[in-house]
Amino acid sequence: MRTPRRLYGRDDWTAEDRAEVSRIACGHDASMLPGGPHPLIPVAQFYAPDVPGLPFPEGTDLLQVLWCPFIDVEDQGGSDAVQLRWRRAGEVAEVLAAAPEPLYVGADELVPVPCVLHAEQVVEYPAEHDLDPALAGRIGSWDEDGDRGYRGALSVAPGWKAGGWAAPFTFRDSGGPDELRCARCSAVGEPLLTVGAAEWDAESVSWRPVEEAHDASTTPTEVSAGLGYTLQLYACPADPRHPPVTVTQ
Ligand SMILES: [Zn+2]
């Protein structure tokens with residue numbers, strides 16, 4: 001008798017699982033598809049004056065986040081599929097009328113619908129796993145039934161965001177600082193970009209921007225990473241140009 005393995009998230013998948021999912025998601029025999037390098041697609045772009053809290057390396061004022069829309073984006077710890085470009089906006093001389101597109105994508109849900117960002121600074125507080133255990137216990141007693149809304153309304157803002165605290169862990173526990181270490185220099189990464197499952201839900205509806213209509217989409221980018229969990233990119237504090245660490249949580 002075989003015991004089925006429960007799949008809580010892509011972190012649990014074996015290489016065989018991933019190959020099979022890629023094959024199914026692709027819908028074709030991959031060997032029939034055009035080879036060669038794929039262009040990365042734009043995911044987010046930030047100017048320093050709009051998001052001054054981001055760790056722009058000296059001399060840069062533009063951050064472009066790019067990825068290759070295949071599930072490699074969700075590789076625990078990171079892969080070449082996710083890349084950061086820290087640039088100086090004034091040196092961008094020629095802007096292409098249309099971004100290069102890959103000939104095919106491995107995961108539709110990783111292709112964002114273009115959106116204009118209206119950056120807004122908000123105050124948030126650490127998720128439970130980032131709190132001192134004694135304080136987390138006191139908050140737990142105070143908000144025992146969840147009605148006071150520490151998790152949904154007071155702590156980490158849901159949705160897409162730059163900077164801030166680490167998102168709550170849902171399908172597994174936090175791996176602590178060790179899972180956030182930079183592959184180049186071992187510094188512990190800090191939250192850079194959060195790709196949230198939804199901008200708000202029933203528990204976190206108080207985060208809905210007042211400018212948004214009550215029936216506005218909670219998923220304007222239509223991106224769904226990690227089976228509907230939250231994908232977070234962590235930047236190296238020693239040098240943000242090092243490859244980001246990616247965590248599905
Ligand atoms: Zn580093």
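Refer to the structure above for everything that follows.
Residues numbered from 1 in each chain as written. Predicted model: local features only at pLDDT ≥ 70, side-chain atom pairs only at ≥ 80, totals over all residues. Heavy atoms only, no water.

1. Description of the overall build of the protein
Looking only at helices and strands, the protein has three helices and seven strands in total. Whereas a compact globule of 249 residues would reach a radius of gyration of roughly 18 Å, the protein reaches 19 Å, a difference of no more than 12%. On the principal axes, the C-alpha backbone points of the protein span a range of 65 × 60 × 45 Å. When the 249 residues of the protein are sorted by exposure, 38% land in the buried category. Partitioning the contacts of the protein with sequence separation of at least 6, the portion at a separation of at least 24 is 71%. Total accessible area on the protein is roughly 15,100 Å²; 53% of this is exposed by carbon and sulfur atoms. Seen as two clouds, the 18 positive and the 39 negative side-chain charges of the protein have centres 5 Å apart. (Helix = DSSP H or I, 4+ residues; strand = E, 2+ residues; numbered from the N terminus. Rg over C-alpha atoms; globule rule 2.2 N^0.38 Å. Buried < 20%, exposed > 50% of the residue type's maximum accessible area, 1.4 Å probe, protein only. Contact = heavy atoms within 4.5 Å. Areas by Shrake-Rupley, 256 points an atom, 1.4 Å probe, with all protein chains shown as cover. Lys, Arg positive; Asp, Glu negative; His and termini not counted. Charge placed at Lys NZ, Arg CZ, Asp CG, Glu CD.)

2. A closer look at the coordination of the zinc ion
Ideal coordination angles are 109.5 degrees for a metal with four donors arranged tetrahedrally and 90 or 180 degrees for a metal with six donors arranged octahedrally. Protein ligation of the zinc ion involves C182 (SG), C185 (SG), C236 (SG) and H242 (ND1), the donor distances falling in the range 2.1 to 2.3 Å. Of note is the zinc ion, whose four donor atoms meet at the metal with angles of 99 to 116° in an arrangement that counts as tetrahedral. Within one chain, the residues serving as donors to the zinc ion are arranged as C-x2-C-x50-C-x5-H. With a relative accessible area of 4%, C182 lands in the buried category. (Donors = N, O, S within 2.8 Å, 3.2 Å for Na, K, Ca; no water. Tetrahedral: all angles 85-135°; square planar, octahedral: opposite > 155°, others 65-115°.)

3. Describing the nonpolar core
Membership of the largest hydrophobic core comes to 33 residues, with the highest contact counts inside it found for L63, V65, W67, L193 and V195. A166, F169, L180 and V247 belong to the second largest nonpolar core, which has six residues in total. (Core = buried A, V, L, I, M, F, W, Y, C linked by side-chain atoms within 4.5 Å.)

4. Focus: the sheet that holds strand β2 (residues 62–67)
Pairing within the open sheet is antiparallel, and its three strands lie in the order β1-β2-β3. Each end of this open sheet is capped by a strand with a single partner; those strands are β1 (41–47) and β3 (82–87). Strand-to-strand, the axes of this sheet are offset by a mean angle of 20°, without reference to chain direction. Of the strand pairs in this sheet, β2 and β3 are connected by six bridges, and their pairing is antiparallel. Each residue of the ladder has a partner; that of L66, found in β3, is Q83. (Pairing = 2+ DSSP bridges. Axes fitted to C-alpha atoms, helices over the stretch in contact; angles between N-to-C directions.)

5. Some details on the sheet that holds strand β7 (residues 245–248)
Through backbone hydrogen bonds, the strands of a sheet pair up, either in parallel or in antiparallel fashion. With respect to topology, four strands assemble into an open sheet ordered β4-β5-β6-β7, the strand pairing being antiparallel. Because the sheet does not close on itself, it has two edges, and the strands there are β4 (161–162) and β7. Bridge count for β4 against strand β5 (residues 190–195) is two bridges, and the pairing is antiparallel. Across the sheet, the residue bridging to K161 is T194, located in β5.

6. Things to note about the side chain of E179
Looking at where E179 falls in the secondary structure, it is placed in the loop between β4 and β5. Among the polar contacts made by the side chain of E179, one reaches the side chain of R172 at a distance of 3.0 Å. Residues in contact with E179, not counting those within four places in the same chain, are Q76, F169, R172, S174, V245 and V247. (Polar contact = N/O pair within 3.5 Å; in protein donor to acceptor, adjacent residues only side chain to side chain.)

7. A look at the environment of S204
On the secondary structure map, S204 appears in the loop between β5 and β6 (231–235). On a C-alpha basis, the gap between S204 and G175 in space is 25 Å, while along the polypeptide they are 29 residues apart. Not counting chain neighbours up to four residues away, the residues in contact with S204 comprise G152 and P158.

8. A look at the packing of aromatic side chains
According to the stated counting rule, one finds three aromatic pairs in the structure shown. Consider the rings of F56 and W86, whose centres lie 5.4 Å apart with planes at 85°: the pair is edge-to-face. One end of the pair, F56, is in the loop between β1 and β2; the other, W86, is in strand β3, with 30 residues separating them in the sequence. Residue F56 is classed as buried on the basis of its relative accessible area of 16%. On the basis of relative accessible area, W86 is assigned to the buried category, the value being 10%. Consider the rings of F171 and Y229, whose centres lie 4.3 Å apart with planes at 40°: the pair is tilted. With a gap of 58 residues between them, F171 in the loop between β4 and β5 and Y229 in the loop between β5 and β6 connect regions that are remote in the sequence. What makes Y229 partly exposed here is its relative accessible area of 23%. (Phe/Tyr/Trp six-rings, centres within 6.5 Å; stacked < 30°, edge-to-face > 60°.)

Honestly, it's all geometry; don't read function into it.
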